[in-house]
Each structure stands twice: as C-alpha cells, then as structure tokens.
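What follows is the residue order along each chain.
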Amino acid sequence: QSENVLGYFVNVERIPNSCSHPPNHISLKDRKILVNLSLAYYRINISAYNEAGESPQAIYIVPEFSVTDLPGQIHVKSQGTNAVVTWTPEYNPKCFVVDWGTSKENMHMKIITTATGNFTLDNFQPYKLYKIMVHASDACQCESFIRHEETFGVTHFYSVEGVPRTGPTNVTILNITKHSALVKWTEIAAEDRLGFLQGYRISYIDSSRKKPPAVTLNASTTSYHLTGLKEKTTYRVQISGFTNAGEGPLTLSQPFSTPKYGTVEPLCICI
C-alpha cells in the first residue's frame, strides 16, 4: 500500500538513554535515511503515515560493530565491585558519555562533564564479561548525543576472573594413522569462560598408563595434530581451557586406537 503513504516517522533511540527526553523524531518522505551514529547501541523505530493515521512501528536494533581503528585506548582497573577507568583524550570535548554493561539489554549510561581522564564505575559482578565504551561529545544536551557523539574507545573487562566452568565441546579424533591423529574441538562458549580465555591444554594417555607432558595451545586454536604415537595402541584424550585464574575441568575421556598398518579409514555401513 505504498501508494497511500504520505511519509514516514523515524525515531532513533540510544540504548541506554538516561535522558528524560523522547528519542529523536524524524519525519521524511523517502524510504531511506543516513544517520551518523557512535558505537553505542541504538533502536530505530519506523512507521508510515497517511491521512487516516500512523501505522504500527517496525523496530530495528543496530547491530554491534567491531572496529579496530578507534582513536583512543581505555584502561580499566578493578577495585572490588567498582572499576576505575582511565584514558588519555586527544582533545577535551565538553563531555564524555560512558556506557557499560554485559549486553545491550543490560547497559548503564553516565555523562561526565568535568575535565578528567579517569572516573569510577560501580556495581560490577564477578565472572561476568563487561563491555565499556567511552564516547566524546561537544553537545552535552540529551537530544544532541545522537548527532554529535563519537566513540573514543571500547574495551572489555572482568572485575574478577574465574576458571572456565566447562571444557570445550564436540571433541573428535580424525585422520588416525600408526603414529599420529588429529584432535578437533569446538571452543568454550563465552558464557562458560568466566574470564579471558588464555588457551587450552591437551592431555593424553596410552593403555599402559604412560602419560606424555600436556600440550598447551593458544585460545584461538581448535585443532591439534598428535604425533609420536605408538602403533596398535589405545589412547585417551582430554582437553581443558584456562584463564588467568587457573585451569577448568577436563572434557570426558575420548578414546581412539592407532592401527598396526596404514591409516584408519572411516567406516560406513550402508543399508
């Protein structure tokens, strides 16, 4: 029914928004609009109108962007349930706007109008990953943030790190030969890490209970080629993840056997 539309209303709302003002209300005739936004979260509501009235709103959440060329660096230091955030601004805007939280559904907002390079945020819970964003603005009225806010820096932070609550998942053994095997796994989910994941440790033992030293790998690795294995031998593999707080639990023991000759080919039974 676009032929009956007279125009559109677009509301651009910052998440979170500690201001009492309603979101920016834009009226336009076209079906497109260009808005310059900071890296804060935003909700965009779009409705059409004609002489009979206004349509229900379509709601769009601006997706999270990963940007590596921001102008500033943010440093965070834990103080119990609080965190001290410091940075070195390239210039002194009229104010800084700070967002922090565990997700877009749980973000807090703070406006800092004093000329400072540090401030304290509160109510941090242990073992939870927080995102902290600092934005600069030369227009500190609430209704002006959307038009004038520019992201200075973004960082992630745990007030207290813990060990992972689980190991990696989907551990599989592939390409088994007389003296080698490929171990693959799925990384530990973000909500189960409880800290910044530093890496994985692979432990394996043969049927004679001989246990070589564990292999330590970085956090981006999800496969490892075991070598120097004995032929016609059963091995059991376990993997754990670790953070700065220590090592998490091992996965369930995953058995495999090396052949006496050649490579173990996948077995397919077709009916």
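Remember, it's a predicted structure, so these values are computed and weren't measured experimentally.

Colleague: Explain the overall build of the protein chain residue by residue, including any values.
Modeller: Counting secondary structure elements, the protein chain contains two helices and 20 strands. Burial analysis of the protein chain (271 residues in total) assigns 38% to the buried set. Surface accessibility of the protein chain: about 16000 Å² in total, with carbon and sulfur atoms responsible for 50%.

Colleague: Lay out the side chain of Asp206 in plain terms, naming residues and giving numbers.
Modeller: Position of Asp206 among the secondary structure elements: in strand β15 (residues 199–206). Side-chain polar atoms of Asp206 contact the side chain of Ser208, separated by 2.7 Å. Side-chain polar atoms of Asp206 contact the backbone nitrogen of Lys210, separated by 2.9 Å. Beyond its immediate chain neighbours, meaning those up to four positions away, Asp206 contacts Lys230, Thr233, Thr234 and Tyr235.

Colleague: Break down the packing of aromatic side chains for me, citing the residues and quoting the values.
Modeller: Inspection of every chain in the model, using the stated rule, returns seven aromatic pairs. Seen in terms of ring centroids, Phe124 and Tyr130 are 4.6 Å apart; in terms of plane orientation they differ by 65°. Their pairing is edge-to-face. Neither residue differs from the other here; Phe124 and Tyr130 are each classed as buried. On the numbers, 6.3 Å between centres and 55° between planes, the contact of Tyr204 with Tyr235 is tilted. Placement of the pair is Tyr204 in strand β15 and Tyr235 in strand β18 (residues 234–243), with a sequence separation of 31 residues. In this structure an aromatic cluster arises from ring pairing among Phe124, Tyr130 and Phe157.

Colleague: Go over the confidence of the model for the protein chain, please, and point to the residues and values.
Modeller: Considering every residue of the protein chain, the mean pLDDT works out to 85; 89% of them sit at 70 or more. By mean pLDDT, helix α1 (residues 145–148) is the weakest element of the protein chain at 62, and strand β19 (residues 246–247) is the strongest at 96. Contacts for the low-pLDDT stretch residues 266–271, under 50 throughout, to residues beyond four places or in other chains number zero contacts.

Colleague: Hey, could you go over the sheet that holds strand β12 (residues 150–157) for me, with residue numbers and the actual values?
Modeller: In sheet architecture, strand pairing relies on hydrogen bonds along the backbone and comes in two forms, parallel and antiparallel. Here four strands make up an open sheet; going across it, the order is β9-β8-β11-β12 and the pairing antiparallel. Only two strands of the sheet have a single neighbouring strand rather than two, namely β9 (107–112) and β12. Direction aside, neighbouring strands of the sheet carry axes that sit 15° apart on average. Two elements, strand β8 (residues 95–101) and strand β11 (residues 130–137), share seven bridges in a ladder whose sense is antiparallel. Bridging from a neighbouring strand, Asp99 pairs with Met133 of β11.

Colleague: Outline the sheet that holds strand β14 (residues 180–186), supporting the account with residue identities and numerical values.
Modeller: Sheet architecture is open: three strands sit in the order β13-β14-β17, paired in antiparallel fashion. Each edge of the sheet is formed by a strand with only one pairing partner; in this case those strands are β13 (169–174) and β17 (223–227). Shown here is a sheet whose adjacent strand axes are inclined to one another by a mean of 20°, direction ignored. By the bridge criterion, four bridges tie β13 to β14 in an arrangement that is antiparallel. The residue bridging Ile173 from the neighbouring strand is Val183, located in β14.

Criteria and cut-off values
Residues numbered from 1 in each chain as written. Predicted model: local features only at pLDDT ≥ 70, side-chain atom pairs only at ≥ 80, totals over all residues. Heavy atoms only, no water. Helix = DSSP H or I, 4+ residues; strand = E, 2+ residues; numbered from the N terminus. Buried < 20%, exposed > 50% of the residue type's maximum accessible area, 1.4 Å probe, protein only. Areas by Shrake-Rupley, 256 points an atom, 1.4 Å probe, with all protein chains shown as cover. Polar contact = N/O pair within 3.5 Å; in protein donor to acceptor, adjacent residues only side chain to side chain. Contact = heavy atoms within 4.5 Å. Phe/Tyr/Trp six-rings, centres within 6.5 Å; stacked < 30°, edge-to-face > 60°. pLDDT = per-residue confidence, 0-100. Pairing = 2+ DSSP bridges. Axes fitted to C-alpha atoms, helices over the stretch in contact; angles between N-to-C directions.

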